[in-house]
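Geometric and topological summary
Next come the chains, spelled out residue by residue.
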Amino acid sequence: MRYLYGPVHSRRLGLSLGITLTPYKVCPFDCIYCQLGKTTVKAIERRSYLDVQEILTELREFLETADFKLSTLDYISLSGFGEPTLNIGIATLISQIKKLTSVPVALITNAALFSCPELLRDIQEVDLVVPSLDAVTQDIFEQIDRPVLNLKIENVINGLIALREEFKGRIYLEIMLVEGINDGLDYAYKFKEVIKRIRPDKIQLNTPVRVRAQAGAGLVNKEKLLQIKNILGENCEII
């Protein structure tokens, strides 16, 4: 399959069928922990990176297969090999998926573009948004996520606040903790203050466990993860 992958078992979503909306590693970020490796095209412009109708054709074919009919999918996830919200056809894709199947739709995103009002309108039909927030200060943001030039963390945070105000589905905020960068307990309190403004349904703590883009993306130990979980509160979980 060209646009679909899986179904795969996910720690966050259960059994999930993935859909990619961009070519390989087209993204506003070049995160040091990304298991896909280095970003090949660092982009912030929304446009038709892949043809949505071709994606839908492949999805229709999959929905007719025995693999689908024998499976119990928990989600169809919009994620893939780059940042899905870059594709300007995402609203059409979501709408058509909803017509084809009753399987819930999840959007897994780095949250770089939620300050765009058009995008907030585009994703209203999804059931779950899983945005990431790895930093709450510009220096750490640039160190861990290595964003496209001139992208500010405050814009990302404000976009997440706007998402909560307009989106009626569930939001599970993921924080990827990297040893020695954003895992300090003092920094956890900074996260806590920002999260109060975003008001996600859940906070999911993660740390790099797969093949990593560079050696500096170190795992945070379980004791530290538990300490940060306790700081962030009862709706926080370690995944």
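What comes next concerns the included structure. (Residues numbered from 1 in each chain as written. Predicted model: local features only at pLDDT ≥ 70, side-chain atom pairs only at ≥ 80, totals over all residues. Heavy atoms only, no water.)

Details of the overall build of the chain
We count it as follows: Numbering goes from the N terminus for both helices and strands, where a helix is a DSSP run of H or I of at least four residues and a strand is a run of E of at least two. Here the globule rule is a power law, 2.2 Å times the number of residues to the power 0.38, and the radius of gyration is based on C-alpha atoms. Here the Shrake-Rupley method, with its probe set to 1.4 Å, supplies the accessible areas, and only the displayed protein chains count as covering residues. Charge convention: Lys and Arg are scored as positive, Asp and Glu as negative, and His as well as the terminal groups of each chain are ignored. Where a charge lies is defined by one atom per residue type, namely NZ (Lys), CZ (Arg), CG (Asp) and CD (Glu).
The number of helices and strands found in the chain is 8 helices and 10 strands. The globule rule puts the C-alpha radius of gyration for 239 residues at 18 Å, and the 17 Å found for the chain is close to it. For the chain, the spread of C-alpha atoms along the three principal axes comes to 50 × 35 × 35 Å. When the accessible surface of the chain is split by element, carbon and sulfur atoms take 50% of a total near 10,900 Å². The average position of the 29 basic charges and that of the 30 acidic charges among the side chains of the chain differ by 2 Å.

Quick look at the side chain of threonine 85
Keep this limit in mind: Remark: exposure states derive from per-residue accessible area (1.4 Å probe, protein chains only) relative to the maximum for the residue type, with buried under 20%, exposed over 50%, and partly exposed in between. Here a polar contact is recorded for every N or O atom pair within 3.5 Å, except that within protein the pair must consist of a potential hydrogen donor and a potential acceptor, and residues adjacent in sequence are included only if both atoms are side-chain atoms. Contacts between residues were defined by any pair of non-hydrogen atoms, one from each residue, lying within 4.5 Å.
With respect to the secondary-structure elements, threonine 85 resides in the loop between strand E5 (75-79) and helix H3 (90-100). With a relative accessible area of 0%, threonine 85 lands in the buried category. Within the local environment of threonine 85, its side chain forms a polar contact with the side chain of glutamate 83, the two groups lying 2.6 Å apart. Ignoring any residue separated from it by four or fewer positions in sequence, one finds threonine 85 in contact with Arg46, Ile90, Leu107, Thr109, Leu113 and Leu119.

Comments concerning the pairing of strand E9 (residues 202-206)
What counts, and what does not: What makes two strands pair is DSSP finding at least two bridges between them. When the strands point away from the viewer and the connection leading from the first strand across the helix to the second strand turns clockwise, the crossover is called right-handed.
In terms of burial, E9 is a largely internal element, 4 of the 5 residues being buried. Relative to E9, strand E8 (residues 170-176) is paired through 5 bridges, and the arrangement is parallel. Its bridge partner being in E9, methionine 176 is matched across the sheet by asparagine 206. A crossover connection joins E8 to the parallel E9 through helix H7 (residues 185-198); in handedness this β-α-β unit is right-handed.

What about the packing of H7 against helix H8 (residues 222-232)?
Where we set the bar: Orientation is described by lines fitted to C-alpha atoms, with helices fitted over the stretch in contact, and by angles between N-to-C directions that extend from 0 to 180 degrees. The hand of a helix crossing depends on one turn: near helix anticlockwise from the far one by less than a right angle means left-handed, and clockwise means right-handed. Residue polarity follows a fixed list, in which Ala, Val, Leu, Ile, Met, Phe, Trp, Tyr, Cys and Pro are nonpolar, Asp, Glu, Lys and Arg are charged, and the others, Gly among them, are polar.
Taken N-terminus to C-terminus, the directions of H7 and H8 make an angle of 35°; their axes are 9 Å apart at the nearest point. When you trace H7 past H8, the crossing you get is right-handed. On H8, the residues that touch Leu185, Ala188, Tyr189, Phe191, Lys192 and Ile195 of H7 are Lys224, Gln227, Ile228, Ile231 and Leu232. When its residues are assigned to classes, the contact of H7 with H8 shows 8 nonpolar, 1 polar and 2 charged.

Observations regarding the packing of helix H6 (residues 153-166) against H7
One way to put it is that H6 packs onto H7 with a least axis distance of 8 Å and a crossing angle of 35°. For the pair H6 and H7, the contacting residues are Glu154, Ile157, Asn158, Leu160, Ile161 and Arg164 in the first and Val194, Arg197 and Ile198 in the second. Per-class residue counts for the contact of H6 with H7 are 5 nonpolar, 1 polar and 3 charged.

What about the packing of aromatic side chains?
Put simply, the rule reads: Each aromatic pair joins two rings of Phe, Tyr and Trp (for Trp, the six-membered one) with centres within 6.5 Å, and gets the label stacked for planes under 30 degrees apart, edge-to-face for over 60, and tilted for any other angle.
For the structure shown, the criterion picks out 4 aromatic pairs. When the ring of tyrosine 187 is compared with that of phenylalanine 191, the centres are 5.3 Å apart and the planes differ by 90°; the resulting orientation is edge-to-face. You can see tyrosine 187 and its partner phenylalanine 191 sitting in helix H7, 4 residues apart, about one turn around the helix. The residues tyrosine 187 and phenylalanine 191 share a single accessibility class, namely buried. An aromatic cluster of three or more residues is present, and its members are Tyr5, Tyr24 and Phe81.

What about the pattern of salt bridges?
Definition in use: Criterion for a salt bridge: a side-chain nitrogen of Lys or Arg within 4 Å of a carboxyl oxygen of Asp or Glu.
By the definition in use, this model includes 12 salt bridges. Arginine 12 is paired through a salt bridge with glutamate 174; the nearest N and O atoms lie 2.7 Å apart. One end of the pair, arginine 12, is in the loop between strand E1 (4-10) and strand E2 (14-20); the other, glutamate 174, is in strand E8, and 162 residues separate them in sequence. Assessed through its relative accessible area of 10%, glutamate 174 is described here as buried. Its salt-bridge partner being aspartate 30, residue arginine 146 comes within 3.7 Å of it at the nearest N-O pair. Placement of the pair is arginine 146 in the loop between helix H5 (138-144) and H6 and aspartate 30 in the loop between strand E3 (26-27) and strand E4 (41-42), with a sequence separation of 116 residues. Each of the salt bridges in this network shares a partner with another, and the network as a whole consists of Asp30, Lys38 and Arg146.

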